[in-house]
Amino acid sequence: MQERGRRKLSLRATGMVVLGAGLCALLPPAAGAAAPPGPGTGSAAAHAAGRTAAHAATGPATTRTDTARTAAHAGARTPFTTIEAESGKLGGDARVHALKPGDPPPTKATPEAEASGYAYARLDRTGQSVSLVNRTGKPANTLVVRASIPDAPDGGGIDASLSLYVNGKYRQSLTISSKQAWNYRGATTNADDPHAGGMPYRFYNEFPVWVKGAPLAPGSTLTFKKGAADKAAFYDVDSVDLEHVGAPRARPRGALSVVARGADPHFRKDSTLAIQKTVDAARASGRPVWIPPGRYLTNSFAGAEPLDFSGVTVRGAGMWYTTIYRRPPLPATQRTKILVGSHTRLSDIQIDSNAIYRDIAGPGGADYGINASGADGWLVERIWNRHTDANWLSGTGGLLRDSRSSDSYGDGFNINNGGVPHPDRRGDDITVENSFARNSGDDGFAVYSDSGADGDNPVLSGARMLHNTAIAPWWANGMRIAGGRDIQCRDNLVRGSASNDALVIGVFGDSGHPLESATVSGNVLIGGRGWNGDRHGVEIQSPGPTSRFPDAYTNVTLTDNMIKGSLRAGLIITKSRSHVRLHGNTIDGPAGPGILIAPGATGTGSFSRNAIVHLRPGQPALRDEAEDTFTLTG
């Protein structure tokens, strides 16, 4: 099986193939195509470890060990545990709707494709239910229910109740809404208009709930039921997060309170000016700012940035207790982002808004969550963005950690170099770690190095995406590396990209810098190949012919990753120029080839000890359609 120098491998199997190690071991075919398990407390990927390791058990010991280690360590350590609704007990003839490898790939957005495990439970008749058991070992006093109900006939959404029972007894009514869901791609009027020829997508939203009465004890059964008073035509229940939220955080010593300067925690009057005056006073005196528990209304002011926290320590009581809520009149015309600059420390708040579609600082009301920059570093931790655009992260030496983004209209978290040359926007040595993004309207996590309109913006370097989780982006990719130097993407989990790839590696747009060097290691990448064209699990790209850098190569090393359940090829190296090293990766159960080298690809590929397992009948481990231009070595 092994040749010196260039190798052409064209192997077909239904079991395991090890590429680049000089051996081929077969396993029995996969017994089915069950949806992958969901994220949970600790590592979301840990749930997959046992089954994946068992599948590889008769293969090389190094493959088995590395696969189990990858599964156990990937993803964010979160304070909540997610239970997938499709794993629950169905009542009243409720049904699970699922999309799995081997099914025809979707050609348009569907609720199955946007569900976190490509599956959900539908309740569409009175009396139907889905029951889930609290197996976390902890009591839970909060829930986050991810669900979809229909849009209003003319757009704009509806509200509807859904009944929650605990151990068979009615506990409370939950409010489910579609007012910030159901956008229409390509609509000729606006993205919220169902009558303008657009394709519906963005079906889901997340609903945080404080549990009434006693916390949900370990072992208790939660039943979500469409009762007689629950009037939506259907409830597509995707997942439920269980979390025990502790007491509010205490006021920092010496901190200035925004309430003392007129901010309203009861959501009755605008608090923008009071919060900003407190921050300005704290900046002048060198003291921190305290935002007590409450919900603070921040309508924007025309022509001004609403909140600038640069250079100040700003702390809330916790992301479940302190919310800054943006409510500009729609259609909006003002900016609502929060600015973070050098020496800023921002923590323990939730940022939410009334935005209804993506159009930064435009009529839909969406704007960046935070916009960070600064040459001297910043720290953001324990924030939760909801219904905003991306968290836009530039500067030098910035760190964002232990944070969440949900229901965004753009990227969850985007490390970038600002698009224009500026010492505060270089995008060097920025780290995003142990953070969680779900239902993002662009990449869950991204690194973006742009040369700018004039080509004079320096290349971004030293970006780090470490131990993060990206779940079910409704547009774009789970993760993206778009240019730069010395990029590290390690120990992350991606699950369920609706439209594009689980991970795409290369460059963005004609002004994007080439990818000079990147290491992608220890990640678990589940799903990929959505409805948006020719997509796969992992895609490696290079600059196109109209790029500012048309002759540049993409340079990337992938080691010890698990690529699982792609709806097309597990990994594709696309046309044009790439230097790729693949070592110790496992590609499990793709619908298409394990590895596809596309026609027209040029460059080199060094493959060693990569395991391709559970191939579909007739699918090759490696399909090389660029034999004369792409050199394989092992």
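Residues numbered from 1 in each chain as written. Predicted model: local features only at pLDDT ≥ 70, side-chain atom pairs only at ≥ 80, totals over all residues. Heavy atoms only, no water.

**Considering the overall build of the chain**
At step 1: If you tally the helices and strands in the chain, you get four helices and 51 strands.
At step 2: Here the chain, with 634 residues, has 62% of them falling under the buried criterion.
At step 3: In the chain, 77% of the contacts between residues at least 6 apart in sequence involve partners at least 24 apart.
At step 4: Carbon and sulfur atoms form 51% of the exposed surface of the chain, whose accessible area is close to 22000 Å². (Helix = DSSP H or I, 4+ residues; strand = E, 2+ residues; numbered from the N terminus. Buried < 20%, exposed > 50% of the residue type's maximum accessible area, 1.4 Å probe, protein only. Contact = heavy atoms within 4.5 Å. Areas by Shrake-Rupley, 256 points an atom, 1.4 Å probe, with all protein chains shown as cover.)

**Let's talk about the nonpolar core**
At step 1: Counting 71 residues, the largest nonpolar core has Phe309, Leu346, Ile370, Ile505, Val556, Leu558 and Leu571 as the members making the most contacts within it.
At step 2: In terms of residues, this core owes the most to one element, helix H4 (residues 272-285), which gives four residues.
At step 3: Contacts of Leu558, omitting those with residues within four sequence positions, involve Ile505, Val520, Val538, Ile540, Leu571, Val580, Arg581, Leu582, His583 and Asn585.
At step 4: Among the nonpolar cores identified, the runner-up in size contains 29 residues, and Ala85, Leu174, Val240 and Leu242 belong to it. (Core = buried A, V, L, I, M, F, W, Y, C linked by side-chain atoms within 4.5 Å.)

**A few points about the pairing of strand E18 (residues 294-298)**
At step 1: By the criterion of burial, E18 is predominantly enclosed, with four of the five residues buried.
At step 2: Looking at chain direction, strand E16 (residues 266-270) and E18 are connected through two bridges and run parallel. Among the inter-strand pairings, Asp270 is bridged to a residue of E18, identified as Leu297. (Pairing = 2+ DSSP bridges.)

**Details of the sheet that holds strand E9 (residues 169-177)**
At step 1: The antiparallel open sheet is built from five strands, whose spatial order is E3-E6-E13-E8-E9. Of all the strands in the sheet, the pair left with one neighbour each is strand E3 (89-91) and E9. This sheet shows a mean twist of 25 degrees between the axes of neighbouring strands, independent of strand direction.
At step 2: Where E3 and strand E6 (residues 129-133) come together, three bridges link them in antiparallel fashion. (Axes fitted to C-alpha atoms, helices over the stretch in contact; angles between N-to-C directions.)

**Details of H4**
At step 1: Between the first and last C-alpha of H4 there are 20 Å, a value that for 14 residues agrees with the 20 Å anticipated at 1.5 Å per step.
At step 2: Those residues of H4 that fall on the buried side of the exposure criterion are Thr272, Ala274, Ile275, Gln276, Thr278, Val279 and Ala282.
At step 3: Check the buried side of H4 and you find it contacts strand E15 (256-257), E16, strand E17 (289-291), E18, strand E19 (307-308) and strand E20 (313-316).
At step 4: At the exit of H4 stands Gly286, carrying a positive phi of roughly 75 degrees. (Expected span 1.5 Å × (residues − 1).)

**Some details on the environment of Ser566**
At step 1: Along the polypeptide, Ser566 turns up in the loop between strand E43 (562-564) and strand E44 (571-573).
At step 2: Residues contacting Ser566, with those up to four places away along its chain left out, are Pro101, Gly527, Gly528, Arg529, His536, Gly537, Gly589, Pro590 and Ala591.
At step 3: Within polar-contact distance, the side chain of Ser566 engages the backbone oxygen of Ala569 at 2.8 Å. (Polar contact = N/O pair within 3.5 Å; in protein donor to acceptor, adjacent residues only side chain to side chain.)

**A look at the pattern of salt bridges**
Between side chains of opposite charge, a pair can form when the charged atoms approach closely.
At step 1: On inspection of all chains with the given rule, the structure shows 24 salt bridges.
At step 2: For Arg382, the salt bridge goes to Glu381, with nearest N and O atoms at 3.5 Å.
At step 3: Several salt bridges share partner residues, and in doing so they unite Arg249, Asp348, Glu381, Arg382 and Arg401 into one network. (Salt bridge = Lys/Arg side-chain N within 4 Å of Asp/Glu carboxyl O.)

**Considerations on the sheet that holds E19**
At step 1: Pairing is parallel across the open sheet formed by 12 strands, whose spatial order is E19-E22-E24-E26-E29-E32-E35-E38-E41-E44-E47-E50. Where the open sheet ends on each side, the last strands, each with one partner, are E19 and strand E50 (622-624).
At step 2: With three bridges connecting them, strand E41 (residues 538-540) and E44 associate as parallel partners. The residue of E44 that forms the bridge with Val538 is Leu571.

**Things to note about the side chain of Asn523**
At step 1: Here Asn523 shows up in the loop between strand E39 (518-521) and strand E40 (524-526).
At step 2: On the basis of relative accessible area, Asn523 is assigned to the buried category, the value being 0%.
At step 3: A distance of 3.3 Å separates a polar atom in the side chain of Asn523 from the backbone oxygen of Ser521.
At step 4: Excluding its chain neighbours within four sequence positions, the residues that come into contact with Asn523 are Thr70, Cys489, Arg490, Asp491, Asn492, Asp560, Asn561 and Met562.

**Some words on the environment of Ala76**
At step 1: Looking at the secondary structure, you find Ala76 in the loop between helix H2 (61-73) and strand E2 (80-84).
At step 2: In this structure the C-alpha to C-alpha distance between Ala76 and Ala437, which are 361 residues apart in sequence, comes to 9.9 Å.

**Focus: the side chain of Arg386**
At step 1: Mapped onto the secondary structure, Arg386 falls in strand E25 (residues 379-386).
At step 2: A polar side-chain atom of Arg386 sits 3.3 Å from a polar atom in the side chain of Gln350.

**A word on unusual backbone geometry**
Of all residues except glycine, most have a negative phi; of all peptide bonds, most are trans.
At step 1: Residue Leu330 is joined to Pro331 through a cis peptide bond whose omega torsion reads 0 degrees.
At step 2: By secondary structure assignment, the location of Pro331 is in the loop between strand E21 (322-326) and strand E22 (338-340).
At step 3: Of note in the backbone geometry, Phe267 takes a positive phi value of approximately 70 degrees without being a glycine.
At step 4: Along the chain, the position of Phe267 falls in strand E16.
At step 5: Positive phi, close to 55 degrees, is recorded for Asp486, a residue that is not glycine.
At step 6: Taking relative accessible area as the criterion, Asp486 reaches 34% and is therefore assigned partly exposed.

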